[in-house]
Amino acid sequence: MSLSSQFDQIGRILAQVRDRAGISQASLAKTMGSNTTRVFRMESGEVLPTDDEVKAYLKSINTDVASDCLRYLKAKWIDPTRRPAFPHPDWEALLIIDQQLARIDELKADTETKAVFVRALDLYAADLMRCSDFLKRIDHYLVFIGVVSVGKTSAICTSLGLTLDKEELPFARRMVLEVGGGRTTLCEVRVEAGPQYGLIVEPCTDEEIRRYVLDYADHLLAVAKQPPRPKVTDGEKPPKKVRSKEKSKLGATEEVPWVSEEMARAIRGLSGLSESQAQLLATSFPVREELAIQILTKMDLLRRRETTVWCEDGDPKIKELEWLQKTFKDINNGRRAGFSLPRRINVVVPGKLFDGQYINIGVVDTKGVDQASARADIDSHFDDPHAILLLCTKFGEAPDLPTVSLIGRAMSLHADASLDERMVLLVLPRNEEAVDMKDEATNDFVESDEAGYDVKLAHIQHALQPLRADQLPVKFLNATSKRDVESFRTFVVNQFSAVRQQYIHRVADNVQKLDELVKHRTREERALALAEVMDHLRVWARDNTRLEESRRPDQLLEDEIRSIHARTLWASVRREGSWDNFDYYYQLGYATRQIVANTAGERVKNLKAVIDNLAGNPDYANAREFLRQIAEHVDAAVENLTRQAQVFGETIYRDPLHSASSYWDKCERVYGTGRPYRSVVAEETRTWFSDAAVRDLYRRLTAEVNRAWEELVRGLQEILEAPSIGS
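Bear in mind that the values here come from a model prediction, so they are computed numbers and not experimental data.

What counts and what doesn't
- Residues numbered from 1 in each chain as written.
- Predicted model: local features only at pLDDT ≥ 70, side-chain atom pairs only at ≥ 80, totals over all residues.
- Heavy atoms only, no water.
- Phe/Tyr/Trp six-rings, centres within 6.5 Å; stacked < 30°, edge-to-face > 60°.
- Helix = DSSP H or I, 4+ residues; strand = E, 2+ residues; numbered from the N terminus.
- Buried < 20%, exposed > 50% of the residue type's maximum accessible area, 1.4 Å probe, protein only.
- Core = buried A, V, L, I, M, F, W, Y, C linked by side-chain atoms within 4.5 Å.
- Contact = heavy atoms within 4.5 Å.
- Salt bridge = Lys/Arg side-chain N within 4 Å of Asp/Glu carboxyl O.

Draft legend 1. Structural context of the packing of aromatic side chains. On inspection of all chains with the given rule, the structure shows 20 aromatic pairs. Aromatic side chains Y453 and F476 sit 4.5 Å apart centroid to centroid with 5° between the ring planes, which places their arrangement in the stacked category. Taken together, the residues span a long stretch of sequence, with Y453 in helix α19 (residues 449-464) and F476 in strand β9 (residues 474-476) at a distance of 23 residues. No difference in accessibility class separates Y453 from F476, as the two residues are buried. Consider the rings of W570 and Y671, whose centres lie 4.8 Å apart with planes at 20°: the pair is stacked.

Right under this line is the structure:
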């Protein structure tokens, strides 16, 4: 079979290789002894090249990519659907997987393969498929996570070259993406490679905007009702008693209706109002709904339906990065005509962001973390095995409490071994912070940034020891240091390579173990060892068919309600619990996942103790590899179970709670009355979840979780079924 007949678009593949090499069609035609017309027709698909032409074409290009392409085209795939598109960094590993899966099918069909070995073969096949699913995808994300004002955006701009070449400007003003000491970026921002500079906006829905405007209207009206602050002259502070009295008149700060600075700024931008004009409007329309209508009318949302804008290509008058800086700032602040309030902004830049061969690395700037509650937008990245998570922290505070909380939660919920490589502590020093460190041995100031980083690293590792996270990768990045930026860029490429290499090593390990299994598949003593360890493991499976109940998800929700900012809670209550910064339903799902992870984790811990004991017994040396496979199989199954549990928790409670208008009305009315808002809402929440009908929801949830757990155990029991040794 010819190479051309195996590929629908072989011409496109060849053209890609030529483009990467920077060779023209005419030059290539001359080198390979052909003509430009023939090369054009081959690449466009008008004619199918012969095998000799394909070889001549690629050998004439004479690059590593061309050599790789020729090997790719010649490779024989058992199942062509497993073949990835070219170019692909790990197509050879995927080819090995294709061959090994076919080999496993042949072994299972062989009458000489004992039934006990078929169980092991199934485990190998499952792990190879997991490796294949990961390696096929070449799109990765570098995710910056950290508290408000930590410096994520500046780090992104300098590491991606998104800075203006204007040394006369202050550092912050040279950043293409808007920075300003925190509370600047309105929403999640993604930077990705594309054909040219541009911005693609995912807008908020009109209903979401209406809710934000109502919040802002409440804020304006509350500010308008506040008494004027007492005037203070000559820089003096009023006496403590006066300040205390003033505070009592105004009410607790946390009970003033509030929207974030960046949201208020964007709403004013969309409506064409200055801050003073917005306050004046509030005095003219003192009713919340009427004020909101005035603001929404000024926004003219029907004329704001644009979502994409590109820099005019080839216009010498336009400086692309300056255009990008201004356009991004206008959209982020609601000042771009035709664009609505963004939920997410995708920044497109030409060329690859990083130098990793064949893989695509995008960058995500998440919204700043300002409390410890779980957030769906952040947790989704922890669940994505293709994402590297940069947990950003200021140098002086490293590691800060929100980062420690994130690390602890991630390690308790995820059995994914790759998380050790995917989670990185990114420390962001500023100015001379590093050289202000003292050498603990001499008590003298260190002599270089690197020495300061070493001292700080020791502090960080000590602080992470209680979490058993002291081996977490740590990287320092001073955004003003060119050396740090170059080192960071190299680190990123190496880290993604290391994550992919983990899966490639797993493939190689599976091949080696399969070779060993094939060698011994007819030996009675090996089969006997497998059968005996299966007997021991079946005892655990028989005794662990159900999960015991512990805390309920609503109890964890109540804990979160008592700990978050009152204004955040109030904003969520006004949206019947559906708000990005605190989503009731996500919290219930996440709490369910935590509970299941803890209860199932204890059961699995007991199983692994059994496995370790069996693996340490010399009598079962021939079964150690099978025991390792069982442990990995259970880890993957439990990870899947906890994700299922999260879906159960979100889904079962959503409709009844969302429609509980009496609960939401009570919780909303108490805000600003002087009563402790979080405590009152927590008590109302406890009362609602104590209702008999709602308690029945919990019983349904428990039944769903146990059904999924039973399915997990049943799957293990099927692997451990006792075949006769001679079969």
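Draft legend 2. Molecular detail of the nonpolar core. Of all hydrophobic cores here, the largest spans 163 residues; its most connected members are L142 and Y584. If one sorts the elements of this core by residue count, helix α25 (residues 624-658) sits on top with twelve residues. Contact partners of Y584, with chain neighbours within four places excluded, come to L557, I561, L569, S572, V573, G577, L657, Y663, W664, V681 and T685.

Draft legend 3. Spatial organisation of the pattern of salt bridges. If you walk through the whole model with that rule in mind, you get 59 salt bridges. Between K326 and D330 there is a salt bridge, with its nearest N and O atoms 2.8 Å apart. Remark: D330 and K326 occur in helix α15 (residues 320-332); sequence separation between them is four residues, near one turn of the helix. With relative accessibility at 53%, the residue K326 sits in the exposed group.

Draft legend 4. Molecular detail of the environment of F445. As for its placement among the helices and strands, F445 is situated in the loop between β8 (423-428) and α19. For F445, a relative accessible area of 54% puts it in the exposed group. Sequence-distant contacts of F445, defined by excluding residues within four places in its chain, comprise V435, D436, M437 and K438.

Draft legend 5. Focus on helix α12 (residues 261-271). Taken across its eleven residues, α12 has eight buried, putting it largely inside the fold. Considered for burial, the residues of α12 that qualify are E262, M263, A264, A266, I267, R268, L270 and S271. In this structure, the buried residues of α12 make contact with α10 (206-225), α13 (275-284), α14 (288-299) and α15. Directly after α12, the chain includes G272, whose backbone phi takes a positive value near 70°.

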